[in-house]
Every structure is written in C-alpha cells, then in structure tokens.
Amino acid sequence: MTDYIPQAQLARLRRVLAPNKVVVLYGPRRVGKTTLVQRFVHEDDPQALVVSGEDISAREFLASQSVTALRAMVGKHRTLIVDEAQHVPQIGLNLKLLADHVEGLRIVATGSSSFEAQQIGEPLTGRKVTLLLLPLAQLELEPREAAHETRAQLDARMIYGSYPEVVLASGTEDREVYLKELAGAYLFKDILALEGIRHPDKLLRLLQLLAFQIGRDSSVSELGNQLSMGKNTVQRYLDLLEKAFVIFSRMGFSRNQRKEVVKSRRYYFYDNGIRNAVINNFNPLALRDDVGALWENYIQVERLKYNLYTGRRAEGYFWRTYDQQEVDLVEEHGGALHGFEIKWSPKANARAPRAWAKGYPHSTFDVVSPANYLEYIVGPS
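The structure contained in this document is the topic of the report that follows.

Thresholds, definitions, all that
Residues numbered from 1 in each chain as written. Predicted model: local features only at pLDDT ≥ 70, side-chain atom pairs only at ≥ 80, totals over all residues. Heavy atoms only, no water. Helix = DSSP H or I, 4+ residues; strand = E, 2+ residues; numbered from the N terminus. Buried < 20%, exposed > 50% of the residue type's maximum accessible area, 1.4 Å probe, protein only. Contact = heavy atoms within 4.5 Å. Areas by Shrake-Rupley, 256 points an atom, 1.4 Å probe, with all protein chains shown as cover. Lys, Arg positive; Asp, Glu negative; His and termini not counted. Charge placed at Lys NZ, Arg CZ, Asp CG, Glu CD. Pairing = 2+ DSSP bridges. Axes fitted to C-alpha atoms, helices over the stretch in contact; angles between N-to-C directions. Phe/Tyr/Trp six-rings, centres within 6.5 Å; stacked < 30°, edge-to-face > 60°. Polar contact = N/O pair within 3.5 Å; in protein donor to acceptor, adjacent residues only side chain to side chain. Arc of directions from axis to C-beta. Parallel < 35°, antiparallel > 145°, perpendicular 65-115°, else oblique. Nonpolar A, V, L, I, M, F, W, Y, C, P; charged D, E, K, R; others polar.

## Things to note about the overall build of the protein
On a plain count of helices and strands, the protein comes out with 18 helices and eleven strands. For the protein, buried positions account for 53% of its 381 residues. Intrachain contacts of the protein at a sequence separation of at least 6 include 72% that bridge at least 24 residues. Of the accessible surface of the protein, which amounts to about 17800 Å², a share of 48% is contributed by carbon and sulfur atoms. Each charge sign in the protein was given a centre, from 48 positive and 45 negative side chains, and these centres are 6 Å apart.

Structural data, given as structure tokens:
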C-alpha cells in the first residue's frame, strides 16, 4: 500500500465498528472507500471477509434472504466487509438478518451516493452508523507536507481539486485527463443510473450554469428558463446531483428579520477539479477571471470536510439582505453564530457588514484569505 494518505474516517471507523452493528461508508466514486476498508483489513483485521457486490457468486449469497445461506457465507469470520453493496438486491434487509442472527459479527458496507446509502441502511434503523467520505481534505494532507509545500500546492488544489489520484499524479496532463473521465462517469454512469434522466445534455448544461454561479444565489425558475425546462424537473436534477455528491447547497440564514433573504440557495461543488472539468477550464490562476469563485468553493468544501472529520457539528448557511449586504458562510455551532467572509484578495475589508453586526451583536466575524486560511480548514497551528 504505497503512497497511502492516512484518511480521517479510518480512525472513526475503528471507533464505531461494533459487534452486530453495520457501518455504512458512502461518498463519491474514487474518493478511496475501497482503499480505506483495505487499509482497515491490513492494519486491524487481516481475517476479515471482504466481498464485492459486483461479484456474482457473492451477490447470490448476499441477496438470499436466508439466514442459513448467509451464515454459511460468513463462516467463522467476525468481520464482513461488502464493497459496492448497492449492487446486491435487498442488501439492507440481508445485512439486517446478518446483524440479528450472527452473534458478534461486525459489518461494513460501502456505496457511492446518498441514495445508495439510504437503500443499504433503510432496514437497519438502530443498527447502523453512516460515515461520509469525500475527496481528500487538507486536514488529511497536512501531516505529509511542510507549510511551504502546502502553500505551494494551493493553486493546484484550486484548479485540480483533491481526488486521491489527482493529488498523487505527477503532471497536469494526467490530472486533466483523469478529471475529464471522472466528470463523465459522474454524469453518464452514476447519476443516469439513479433515475431515468430524459435530457442528459441538459444535466451537463445545468452543472455548467451552476459552475458560473459559485457564491451567488441560484433561482430554480431562472435555471429552468435558461434550460427550457420545467421548475420541477430542474429541482429533481439538482436533488440528483446532490445525492451523487457532485454539488452541495447552502440555505440562507435568518432569525426572522424581514430584510434577510432566506428562500434562495447557493450551490458549490464537492471538488474544484470536477467544477473545472465541467467547464473544461484548467488554465492557471493568472489567466482566469473566476479566481474568487474558485477560492470560495475551495474554502466552503474544505471547511465542510474539516467540520465533518473533526466531529464538529456546525450547520452552514450564507447570509444576505435585500440591500446586498452579505456574509459568505455562517456557521451555527454550540449555540453561537460565526460569520466568515471568503476573500482571495489580502486587502479585503475585515469589518462585518453593518446589518450583520447590528442584527447579531454576539456573533463572531472573520475574513478567510490565503494569509490565514489553514487555521480554518486544518485547525490552529
């Protein structure tokens, strides 16, 4: 297992995996779910039984709904790992039978979307823990880099993102080819397989529109007009893109103040490299006019990963008033509000908007720039 980058969720898997419980590990394709479970087996449980839902013979046992057949498959193993579990019919029910009837068995199942995680875990209420795995976080890369190396890599992370194979690739051409292929897999394999998509070309166009709206409110009606699609269809496509971990959204924050915008959403990509592949733009930052959008997307998703992997329960929003005062990211954590303005320019104004300071006098406010960003995505040094 050369070039292994330690994954934050591996430590969590070790903590939560317990007898007669199921851990559902889900997230986008190629973020390292299989690598994570292989590492767990290698370091913690070499006797674990590892099977793939894509294997026909394993699938026959796993779909049997027969306690006898399931017990025969597991044998004397005390840990069962089912990779790509979504390919097994009624997998959630069969995992429930294993958890209920094979004393002391620990189970891990992996899937590639939130839809699949729901499918796997729906019958397992009270018996499962779900772990989300995303493209590599700077939090995970930090231990293997000196500070000057991290800062030197910032431009590349904003352009090519943080998928494991991208991080480990040696050249820009390899990264671009990989990301274009991966973006195609997202659109024409994962998402199209979730539900029947009648207009795959418009799905791509929708993503392109969202790519140019980073940091701005997105209107479903306006998107529909641009795509010549109904509002309900656009909303369905947006939901599918979120379930497949291509994008995530932020809602507007408000404490019922009439001047605050609450009905809009802002969309971000889980990986900058996928965003740039969708619009086919891997130009250096010096040649781009969207550096601010790239920077905001990068910080938004890295902060999301930081909160997720450190167990910091913080709900994320944006805040805006109708007279255009705004805060890029608002987190509600521990009963307190924290506002963040995400600015690429080191000369950015560090003062909170007047309406924010007046409406939420006990909140904090910080500007996140290249000069200080690491403390917000890897923790204080």
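## Comments concerning the sheet that holds strand E11 (residues 364–368)
Taken together, the six strands give an open sheet; going across it, the order is E7-E6-E8-E9-E10-E11, and neighbouring strands pair in mixed fashion. Taken across any chain shown, the strands that pair with only one partner, and hence form the sheet edges, are strand E7 (265–269) and E11. On average, each strand axis in the sheet is inclined to that of its neighbour by 35 degrees, with strand direction left out of account. Relative to the sheet, helix H14 (residues 231–243) contacts strand E6 (247–252) and E7, its axis offset from that of E6 by approximately 115 degrees.

## So, the packing of aromatic side chains
For the coordinates displayed, the defined rule picks out 14 aromatic pairs. Between the aromatic rings of Trp295 and Tyr298, the centroid separation amounts to 6.2 Å while the plane-to-plane angle is 25 degrees, which identifies the pairing as stacked. With a gap of three residues between them, Trp295 and Tyr298 both fall in helix H16 (residues 291–310), about one helical turn apart. Judged by relative accessible area, which is 2%, Tyr298 ranks as buried. An angle of 45 degrees between the planes, with centres 4.8 Å apart, marks the rings of Trp356 and Tyr360 as tilted. According to the relative accessible area criterion, Tyr360 is buried, its value standing at 6%. Among the aromatic residues, ring-to-ring pairing joins Tyr26, Phe245, Phe248, Tyr268 and Tyr270 into one connected group.

## A closer look at unusual backbone geometry
A positive phi is found at Arg30, a non-glycine position, where the angle reads about 65 degrees. Tracing the chain through its elements places Arg30 in the loop between strand E1 (22–26) and helix H2 (33–44). Judged by relative accessible area, which is 36%, Arg30 ranks as partly exposed.

## Considering the pairing of strand E8 (residues 315–320)
The buried fraction of E8 amounts to five of the six residues, a majority that puts the element mostly inside the structure. The pairing of E6 with E8 spans two bridges and is classified as parallel. Directly across from Gly252, in E8, lies its bridge partner Phe318. Bridging between E8 and strand E9 (residues 326–333) involves five bridges; their strand directions are antiparallel. If you follow Arg320 over to E9, its bridge partner there is Glu326.

## Let's talk about the side chain of Thr110
The topology assignment puts Thr110 in strand E4 (residues 106–111). The class for Thr110 is buried, based on a relative accessible area of 0%. Only 2.9 Å separates the side chain of Thr110 from the backbone nitrogen of Glu84, close enough to count as a polar contact. Among all residues touching Thr110, those that are not within four sequence positions of it are Leu25, Val37, Val82, Asp83, Glu84, Ala85, Gln86 and Ile120.

## Remarks on helix H4 (residues 67–74)
Along H4, the residues that are buried comprise Ala69, Leu70, Met73 and Val74. All buried residues of H4 lie within an arc of 130 degrees about the axis, which places them on one face of the element. With respect to the buried face of H4, the exposed residues turned more than 90 degrees away are Thr68 and Ala72. The inward-facing, buried residues of H4 abut strand E2 (49–52), helix H3 (56–62), strand E3 (79–83) and helix H5 (91–101).

## Focus on the sheet that holds strand E5 (residues 128–132)
Hydrogen bonding along the main chain pairs the strands of a sheet, whether they run parallel or antiparallel. Pairing is parallel in the open sheet, where five strands are placed in the order E2-E3-E4-E1-E5. A single partner strand is all that each edge strand has here, and the edge strands are E2 and E5. Going from strand to strand, the sheet's axes swing by 15 degrees on average, the running direction of each strand aside. Examined bridge by bridge, E2 and E3 share four bridges and lie parallel to one another. Residue pairing for E3: Val51 is matched across the bridge by Val82. Here H5 sits on the sheet and contacts E1, E3 and E4; the angle it forms with E4, its principal contact strand, is near 165 degrees.

## Here we look at the packing of helix H12 (residues 200–211) against H14
For the pair H12 and H14, interaxial distance at closest approach is 11 Å and the crossing angle is 75 degrees. Regarding the angle of H12 to H14, the classification is roughly perpendicular. Here Leu203, Leu206, Leu207 and Leu210 of H12 come into contact with H14, specifically with Val234, Tyr237, Leu238 and Leu241. Of the residues belonging to the contact of H12 with H14, the class tally is eight nonpolar, no polar and no charged.

## Thoughts on the environment of Lys305
With respect to the helices and strands, the residue Lys305 is situated in helix H16. Put simply, Lys305 and Ala137 are 168 residues apart on the chain and 6.2 Å apart in space, counted from C-alpha to C-alpha. Leave out the neighbours within four places in its chain, and Lys305 touches Leu134, Pro135, Leu136, Ala137 and Ser162. Within polar-contact distance, the side chain of Lys305 engages the backbone oxygen of Pro135 at 3.1 Å.

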